[in-house]
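Inside the fold
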Amino acid sequence: MKQWLPSTGQKYRETVLKKDKTLLGPRAIAVASGKGGVGKTSISVNLVLCLAIMGNKVTLFDADLGLANAEVMLGLIPPYSLYEVLYGDMTLEDIAVDGPLGIRVISGGSGLLEMANLDRTRRQRLLRMFSQYNNQDEIIMIDASAGINKNVLGFVAAAEEVIIVVTPEPTSLTDAYALIKILANFKLHAEVGVVVNRAGDRREAMRTMGRISNATGRFLDIKLNFLGWIPEDKLVSQAIKSQQPFILSNPNSPASKSIAGIAEYLAEGTRSVPKEGFWSKIMGLFG
Ligand SMILES: Nc1ncnc2c1ncn2[C@@H]1O[C@H](COP(=O)(O)OP(=O)(O)O)[C@@H](O)[C@H]1O
Ligand SMILES: [Mg+2]
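Remember, it's a predicted structure, so these values are computed and weren't measured experimentally. (Residues numbered from 1 in each chain as written. Chains lettered and ligands numbered in written order. Predicted model: local features only at pLDDT ≥ 70, side-chain atom pairs only at ≥ 80, totals over all residues.)

**Description of the packing of helix α6 (residues 120-132) against helix α7 (residues 150-158)**
Taken N-terminus to C-terminus, the directions of α6 and α7 make an angle of 25°; their axes are 11 Å apart at the nearest point. One way to sum up the angle between α6 and α7 is to call them roughly parallel. Along this stretch, α6 crosses α7, giving a crossing that reads as right-handed. Each of Arg123, Leu127, Phe130 and Ser131 in α6 lies in contact with α7, whose residues at this interface are Lys150, Asn151, Gly154 and Ala158. (Axes fitted to C-alpha atoms, helices over the stretch in contact; angles between N-to-C directions. Helix = DSSP H or I, 4+ residues; strand = E, 2+ residues; numbered from the N terminus. Parallel < 35°, antiparallel > 145°, perpendicular 65-115°, else oblique. Left-handed = near helix turned anticlockwise from the far one by under 90°. Contact = placed C-beta atoms within 7 Å.)

**Quick word on the sheet that holds strand β1 (residues 27-33)**
Here we have eight strands laid out as an open sheet, ordered β3-β4-β2-β5-β1-β6-β7-β8, and mixed in their pairing. Strands with a single pairing partner mark the edges of an open sheet, and in this sheet they are β3 (97-98) and β8 (223-231). Taken together, the eight bridges between strand β7 (residues 191-199) and β8 define a ladder with parallel strand orientation. Within β8, the position partnered with Val196 by the bridge is Trp229. With respect to the sheet, helix α8 (residues 170-185) is in contact with β1, β6 (161-166) and β7, its orientation differing from that of β6 by roughly 160°. Together, β1, β7 and β8 form the strand contacts of helix α12 (residues 254-268), whose direction differs from that of β8 by roughly 155°. (Pairing = 2+ DSSP bridges.)

**Quick word on the site of ligand 1**
Close to ligand 1 lie 18 residues; Gly39, Lys40, Thr41, Ser42 and Ser237 are nearest. Listing elements by their share of the shell around ligand 1, those giving two or more residues are α1 (40-53), β7 and α10 (234-241). The residue inventory of the shell around ligand 1, partitioned by class, reads five nonpolar, nine polar and four charged. (Near = placed C-beta within 6 Å. Nonpolar A, V, L, I, M, F, W, Y, C, P; charged D, E, K, R; others polar.)

**Thoughts on the environment of Leu86**
In this fold, Leu86 is placed in helix α3 (residues 82-86). For Leu86, a count of 21 C-beta atoms within 10 Å corresponds to the buried category. Separated by 39 residues in the primary sequence, Leu86 and Arg125 place their C-alpha atoms 7.6 Å from one another. The residues contacting Leu86, other than those within four sequence positions of it, are Leu118, Arg122, Arg125 and Leu126. (Buried ≥ 20, exposed ≤ 12 C-beta atoms within 10 Å, placed from the backbone.)

**Brief notes about the pairing of strand β5 (residues 139-146)**
A large share of β5 lies buried, amounting to eight of its eight residues. The pairing of strand β2 (residues 58-63) with β5 spans six bridges and is classified as parallel. When the bridges of β5 are listed, Val58 appears paired with Ile139.

**As for the packing of α1 against α12**
Relative to each other, α1 and α12 sit at 60°, their axes nearing to 9 Å. As judged from the angle between their axes, α1 and α12 are oblique. Taken as a pair, α1 and α12 cross one another with a handedness that is right-handed. Residues Asn46, Leu47, Cys50 and Leu51 of α1 lie in contact with α12, whose contacting residues are Ile259, Ala260, Ile262, Ala263 and Ala267.

**So, the nonpolar core**
Membership of the largest hydrophobic core comes to 85 residues, with the highest contact counts inside it found for Ala30, Met141, Ile142, Val156, Ile164 and Val194. Those residues within four positions of Val156 in sequence are excluded, and the remaining contacts are Ala30, Ala32, Ala144, Val162 and Leu183. (Core = buried A, V, L, I, M, F, W, Y, C linked by C-beta atoms within 7 Å.)

**So, the environment of Ala190**
Among the structural elements, Ala190 can be located in the loop between α8 and β7. Given 13 C-beta atoms within a 10 Å radius, Ala190 is considered partly exposed. Sequence spacing of Ala190 and Glu161 is 29 residues, and the spatial spacing of their C-alpha atoms is 9.8 Å. In contact with Ala190, other than residues within four places in its own chain, are Ile222 and Lys223.

Structure follows, in structure tokens:
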């Protein structure tokens, strides 16, 4: 069996603290990619709704600062965004709004140029507030921006788990490799999940996963877990146009079934306690 295929019952994270999950605050899962436009926001939005359907309390944190799309895909118009947190005195709890199925949504703000390149003080403040965000949620899903700038790396490094979205396009793979390489070299994550989006069929998805897995396996010390693949499907873009997530409008579509598979896999996962000095390391590297 290929190294990246999750074996049955394999835990996504090492179990360290099983008993009292609340001690750790919400479990943060970042959805990231090397290249833009690969489907991070569509996947985050539908995954969060699926986790809510499964009974989890979830917050969707739109960390694509200044280019927030998650709220648009959900048909929401939040009155405040991270802008008011970063440039005003509101807290994350203040700006979070209710979305469908009881999810909470933190808007990344849109059309705000200064958000795309935060200065050091604001980046640190945001990371600190993120680390302290502690409502009663079980999961906080971060829709990160593409690429390898400090804004995104801070979140990806700080999250307990990372899902990298790739498509079969060669540029998506090389950019994903660049991102995974940083995570591996800074020893930020021992493993990452991979979702192959926009595949023509299962074979293409597996070939794509094989390519990225071969490259990382040869050169990097990091484990890849294949979380699933989503077909190229008009439905996904139609859902965006109608601002009605496909998991709600077409729950039996292949894309929805795939999202459900990923959500089940995540729901099985267990928590691990951040090592001592974790936050100062993150602040030092990416703050
Ligand atoms: N599985 C898919 N099938 C067809 N089109 C898709 C699929 N996933 C994403 N897209 C298209 O790609 C575009 C970018 O998706 P989005 O979720 O906004 O990506 P990102 O957040 O990574 O920039 C969307 O407008 C959508 O039309
Ligand atoms: Mg996006």
